[in-house]
Amino acid sequence: MSIPTSLLLKNGTLILHGEGDCIKFLKEDLLIVGNKIVDIKPNIEIPESNTVVLDCTGKLVSPGFIDTHHHVWQTQFKGRHTNDTLLTYLPKGNWTGSLCTSEDVFWGQLGGCLESIDGGTTMLVDHANITQGPHHAPNAITATVSSGIRSIFGYCDTPNVTSWTPLTFAPGTPEYFDSQLADLAKQQPFGDGRVQLGLSFDSFHLPKETVIECYERARSLGVKLITSHYVRGPVVGPQSRVELLDTYGLLGPDILLSHASNATPNDAVLLAKANAHVSVTPDTELQMAHGFPVSFRDDLHPLCSLGVDCHTTNSGDILTQMRLALQCARGAYNQPFVDAGKNPNTVKHTVEAAYNLGTIKGARAVGMESQIGSIAVGKLADLVIFDGESPAMICAAAHDPVAAIVMHASVRDVDTVIVDGKIRKREGKLLAVSGLKGEELQWKDVAKKLLRSRIRIEAEYNKIDMRSAASRMIDLWHMRPENFVDSMAD
Ligand SMILES: [Zn+2]
């Protein structure tokens with residue numbers, strides 16, 4: 001059987017972005033040839049070439065969602081951090097990467113990517129803090145390619161635990177780090193151009209010259225973007241990472257900061273001037289006391305996009321983050337009225353604004369606005385098709401497709417996902433991917449591998465005194481112990 005070269009989406013409701021990100025709806029056909037959208041008009045004839053026709057009657061066709069901050073490898077740890085603070089999460093979540101073999105990483109990464117695709121994400125920025133050994137990052141990249149998702153793989157200098165009692169990290173950077181970064185930069189992009197290389201950088205404790213050298217080297221190697229966590233507050237301190245980057249002369253359009261919680265007004269000015277961007281991850285920020293999500297803060301909103309952060313803590317889809325970002329911002333806006341015994345006459349933030357955070361603004365954050373984030377002729381074919389006639393979407397999809405997606409949809413309503421012109425989920429089911437040896441795998445095969453890997457990791461995990469590791473973190477990161485309290489009265 002010959003491989004289909006084109007896809008024709010018949011009779012769907014297309015969600016398009018116009019001037020100023022205004023959204024409009026169009027009931028027309030959409031033709032994909034190769035990896036690109038080549039035509040949008042009524043009644044497109046089925047081309048003579050090998051074409052798959054998808055009947056989209058009753059369906060909504062949306063640009064795929066863009067997740068701009070995600071630690072994708074962590075799948076085996078799902079469910080573990082739902083009651084964690086940042087301090088307890090770090091040893092239990094981040095540093096337990098040291099317990100993973102490179103094969104565990106392959107399965108964790110594949111599981112994370114597939115959860116994302118299942119939820120309609122077609123592109124993600126992977127803060128890949130899993131370079132615990134020389135084969136970990138290559139295996140994570142192989143899994144990303146296999147899943148079919150589009151990604152910027154943020155290669156990361158990850159602290160490696162050498163002892164859990166007391167918690168001790170290997171000093172410095174692993175000996176293979178620099179050469180592997182250079183090799184990966186030379187080899188990229190991977191997966192027919194879908195997976196590009198980025199750098200995840202959080203080592204701001206290093207001397208100024210070293211930080212500058214790292215950025216300059218990464219840029220000279222051609223990494224796509226440099227992403228860092230930034231949470232001003234009692235855990236990491238009140239200093240501004242944005243001002244630091246500005247002082248070092250490093251701010252630019254390839255800078256993507258996750259969270260930007262409690263960012264200063266000057267931070268917003270500097271980021272806007274540099275055309276740098278922010279990834280807001282409402283679920284983890286609200287849980288882990290980072291500070292209130294900034295996605296709708298007036299000065300930062302134009303620079304913001306959304307991320308999942310930890311699919312170990314919350315679900316891996318952007319639908320949830322859009323809704324959470326919107327409703328918590330509405331709640332914060334409304335409360336002062338209520339406190340003053342009044343009622344606001346209007347809702348301050350709109351579903352369209354939330355939808356844009358998960359689509360076109362994500363594309364801007366990764367410097368790919370001309371290629372992804374909206375539906376247009378000439379753009380890459382990264383699309384998510386919703387069942388507009390499901391129990392959750394019925395009538396809502398007919399009334400307002402964007403409202404239906406932001407406020408009514410769940411992963412269950414994601415019918416089909418297309419990345420780079422290829423179908424990766426169809427009629428609600430993920431399609432097969434390939435394993436480490438090129439073998440074909442259905443989702444249930446991946447699930448079996450993940451459960452086996454989880455059992456192995458858990459046996460190691462259960463030997464660790466996590467409470468002692470968490471308190472040691474306070475010393476290692478020079479945090480102020482008096483800032484960690486059980487109640488406001490403390
Ligand atoms: Zn993170």
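Residues numbered from 1 in each chain as written. Predicted model: local features only at pLDDT ≥ 70, side-chain atom pairs only at ≥ 80, totals over all residues. Heavy atoms only, no water.

1. Focus on the overall build of the chain
Turning to step 1, where the next piece is worked out: Summing up its helical and strand segments, the chain has 15 helices and 21 strands in all.
Turning to step 2, where the next piece is worked out: Its C-alpha radius of gyration of 22 Å places the chain within 12% of the 23 Å reference for a compact globule of 490 residues.
Turning to step 3, where the next piece is worked out: Every one of the 490 residues in the chain was classed for burial, and the buried ones make up 57%.
Turning to step 4, where the next piece is worked out: For the chain, restricting intrachain contacts to residue pairs at least 6 apart in sequence, the fraction spanning at least 24 positions comes to 74%.
Turning to step 5, where the next piece is worked out: In the chain, the 44 positive side-chain charges and the 55 negative ones have mean positions that sit 2 Å from each other. (Helix = DSSP H or I, 4+ residues; strand = E, 2+ residues; numbered from the N terminus. Rg over C-alpha atoms; globule rule 2.2 N^0.38 Å. Buried < 20%, exposed > 50% of the residue type's maximum accessible area, 1.4 Å probe, protein only. Contact = heavy atoms within 4.5 Å. Lys, Arg positive; Asp, Glu negative; His and termini not counted. Charge placed at Lys NZ, Arg CZ, Asp CG, Glu CD.)

2. Here's the deal with the sheet that holds strand β7 (residues 121–128)
Turning to step 1, where the next piece is worked out: One open sheet accounts for eight strands, arranged β6-β7-β8-β11-β12-β13-β14-β15; its pairing is parallel. The sheet is open, and its two edges are formed by β6 (65–70) and β15 (304–306), each paired on a single side. Mean inter-strand twist for the sheet, computed between neighbouring axes without regard to direction, equals 25°.
Turning to step 2, where the next piece is worked out: The pairing of strand β8 (residues 150–156) with strand β11 (residues 195–200) spans six bridges and is classified as parallel. Residue pairing in the sheet places Phe-153 in a bridge with Leu-197 of β11. (Pairing = 2+ DSSP bridges. Axes fitted to C-alpha atoms, helices over the stretch in contact; angles between N-to-C directions.)

3. Points about the pattern of salt bridges
Pairs may arise between side chains of opposite charge once their charged atoms sit close together.
Turning to step 1, where the next piece is worked out: One pass over the full model with this rule turns up 18 salt bridges.
Turning to step 2, where the next piece is worked out: Taking the shortest distance from any N to any O, the salt bridge between Lys-41 and Asp-39 comes out at 3.4 Å.
Turning to step 3, where the next piece is worked out: Two residues, Glu-458 and Arg-80, come together in a salt bridge whose shortest N-O distance is 3.2 Å. Taken as a pair, Glu-458 in helix α14 (residues 443–461) and Arg-80 in the loop between β6 and α1 (86–94) lie far apart in primary sequence, 378 residues in all.
Turning to step 4, where the next piece is worked out: Relative accessible area serves as the criterion here: at 22%, Glu-458 is assigned to the partly exposed category.
Turning to step 5, where the next piece is worked out: Among the residues examined, Arg-80 registers a relative accessible area of 19% and is labelled buried.
Turning to step 6, where the next piece is worked out: One continuous salt-bridge network, built from bridges that share partners, spans Asp-21, Arg-364 and Glu-369. (Salt bridge = Lys/Arg side-chain N within 4 Å of Asp/Glu carboxyl O.)

4. Observations regarding the domain arrangement of the chain
Accessible area lost upon the coming together of the parts serves often as the stated size of an interface.
Turning to step 1, where the next piece is worked out: Splitting the chain by domain gives domain 1 (6–63 + 379–434) and domain 2 (65–365).
Turning to step 2, where the next piece is worked out: Listed as interface residues are 33 residues of domain 1 and, on the opposing side, 31 residues of domain 2.
Turning to step 3, where the next piece is worked out: Of the roughly 2600 Å² buried between domain 1 and domain 2 on both sides combined, carbon and sulfur atoms contribute 61%.
Turning to step 4, where the next piece is worked out: On the domain 1 side of the contact with domain 2, Asp-21, Val-406 and Met-407 bury the most area, a combined 22% of that side's loss.
Turning to step 5, where the next piece is worked out: For the interface between domain 1 and domain 2, the tally reads four salt bridges. (Domains from an automatic or database assignment. Buried area = accessible area lost by both parts, 1.4 Å probe.)

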